[in-house]
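Residue-level listing of the chains:
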Amino acid sequence: MLHGKCIVLGVCGGIAAYKAADLASKLVKAGARVPVIMTEHATKFVAPLTFQTLTDQPVTTQMFDAPIHWNVEHISLAKQADAFVIVPATANIIGKIAGGIADDMLSTTVMAARCPVILAPAMNTGMYENPIVQRNMDLLKNLGYHIIMPATGHLACGDEGAGKLPEPLVLLEQIENILCLQKDLIGKRVLVTAGPTREFIDPVRYISNPSSGKMGYALARAAHMRGAEVTLVSGPVALQPPYGVQLCPVCSADEMYQAVMEQYQSHDIIIKAAAVGDFKSKHHYEHKCKKDQLQTIELEKNEDILRAICRNKEKRLVVGFCMETQDLLQYAYQKLLDKGADMIVANDLTAQEAGFQSDNNTVTIVYRDGRKEALDNMPKLTLAHAILDRCVNK
Ligand SMILES: Cc1cc2nc3c(=O)[nH]c(=O)nc-3n(C[C@H](O)[C@H](O)[C@H](O)COP(=O)(O)O)c2cc1C
């Protein structure tokens with residue numbers, strides 16, 4: 001999403017300025033060109049050389065220095081920017097922008113910018129809660145500036161409270177969300193299931209599968225980026241839930257069934273990316289079984305969540321996933337017809353760089369009319385958007 005984009009990074013004189021260096025590096029790794037403008041006070045916290053080295057771009061700190069590349073530098077940078085990101089945004093810069101003050105390179109360039117401007121405020125809780133700062137942020141929000149809300153926690157000054165700069169990965173995610181131009185899911189509610197389920201046999205043993213949840217989490221994130229209200233029903237995974245989605249954590253297939261049944265009717269699109277266990281142990285032992293106690297495990301079938309949703313599908317769009325090691329497309333189409341879904345995303349477990357745990361996936365989308373659309377191997381977030389494109393155009 002950021003590939004080839006020019007993201008001008010403004011850095012102010014706050015203690016969190018060091019995190020802006022990590023963000024700069026992440027923006028560069030995401031493919032963006034990142035010219036940096038530092039306020040004079042920012043240079044007291046981090047040296048310009050840090051940003052210059054990380055971004056391989058000139059760092060501007062003074063308004064009246066000889067321009068390195070541009071004739072009228074503040075106008076030129078403002079014109080080149082696809083987005084302007086100010087991290088950390090001090091109470092001072094927020095006040096200056098809100099008050100129309102342009103007295104240094106950063107505030108002057110922001111004034112000239114026509115692109116989206118994103119501010120990530122970070123400051124002591126007392127400063128953050130000051131009504132003047134709050135008023136200035138409200139004013140900027142109403143003018144169309146984007147504010148990334150600070151986190152709450154232990155601050156550098158020793159206080160506990162609001163005003164902490166979110167971690168660079170969270171900042172990057174939110175910048176991508178704001179810059180995502182495709183807002184075709186505004187007003188829609190999307191329910192995504194993700195991850196594996198665990199069927200406990202006794203307190204220390206369970207039946208599960210290697211699903212990482214990456215595909216479902218990418219779908220939830222992509223749907224949120226496109227403006228949807230997203231519920232993510234997730235089995236146990238080691239992933240951070242995407243910013244802005246409603247997480248509903250579950251463990252077993254029964255719990256996932258309950259959570260989905262309680263919620264699916266208030267959603268327009270349901271995407272079942274979870275690898276739900278088909279079977280559970282008939283007996284759940286209260287205490288750990290001894291080796292000779294557990295010779296065989298008697299299994300019983302779990303509820304079929306996809307079938308249950310499709311029974312009362314009405315106008316909802318329902319997308320299922322399937323994974324096979326042979327006759328994939330035949331099984332996928334059979335599953336679609338049998339359960340009544342609109343689409344099945346068929347994962348080929350034998351494909352390279354795809355499937356469980358991988359950051360990429362290779363799938364074929366199977367439609368009700370029998371059409372089969374094979375997609376190239378791609379990152380799961382890109383694939384998530386491709387799947388949502390098909391949902392929107394259905
Ligand atoms: C050690 C130290 C830490 C500071 N941290 C912050 C901060 O996190 N947020 C903030 O708004 N101001 C902070 N300030 C105050 C700003 O540096 C001050 O308001 C300055 O004028 C900001 O200038 P600038 O917005 O041009 O960078 C801090 C000051 C010092 C000395």
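Heads up: the structure comes first, above all this text.
Cut-offs and rules
Residues numbered from 1 in each chain as written. Predicted model: local features only at pLDDT ≥ 70, side-chain atom pairs only at ≥ 80, totals over all residues. Helix = DSSP H or I, 4+ residues; strand = E, 2+ residues; numbered from the N terminus. Buried ≥ 20, exposed ≤ 12 C-beta atoms within 10 Å, placed from the backbone. Contact = placed C-beta atoms within 7 Å. Pairing = 2+ DSSP bridges. Axes fitted to C-alpha atoms, helices over the stretch in contact; angles between N-to-C directions. Near = placed C-beta within 6 Å. Nonpolar A, V, L, I, M, F, W, Y, C, P; charged D, E, K, R; others polar.

Draft legend 1. Local environment of the overall build of the chain. Each helix and strand in the chain was counted, giving 13 helices and 22 strands. Here the C-alpha coordinates of the chain stretch approximately 75 × 50 × 35 Å along the principal axes. Expressed as a percentage of its 394 residues, the buried residues of the chain come to 42%. Relative to all contacts within the chain whose residues are 6 or more apart in sequence, the contacts with residues 24 or more apart total 67%.

Draft legend 2. Fine view of the sheet that holds strand S1 (residues 7-11). The six strands lie next to each other as S3-S2-S1-S4-S5-S6, forming an open sheet whose pairing is parallel. Among the strands making up the open sheet, the edge pair consists of strand S3 (59-60) and strand S6 (146-147). Here strand S5 (residues 117-121) runs beside S6; their pairing, made up of two bridges, is parallel. Within S6, the position partnered with Leu-119 by the bridge is Ile-147. Contacting strand S2 (36-38) and S3, helix H2 (residues 48-55) runs over the sheet at an angle of about 175° to S2.

Draft legend 3. Seen up close, the site of the ligand. Gly-13, Gly-14, Thr-39, Thr-90 and Met-123 are the nearest of the 16 residues found near the ligand. Broken down by element, the shell around the ligand gets its largest block of residues, three residues, from helix H4 (residues 91-98). For the shell around the ligand, the class distribution of residues is ten nonpolar, six polar and no charged.

Read these as spatial facts, not as claims about activity.
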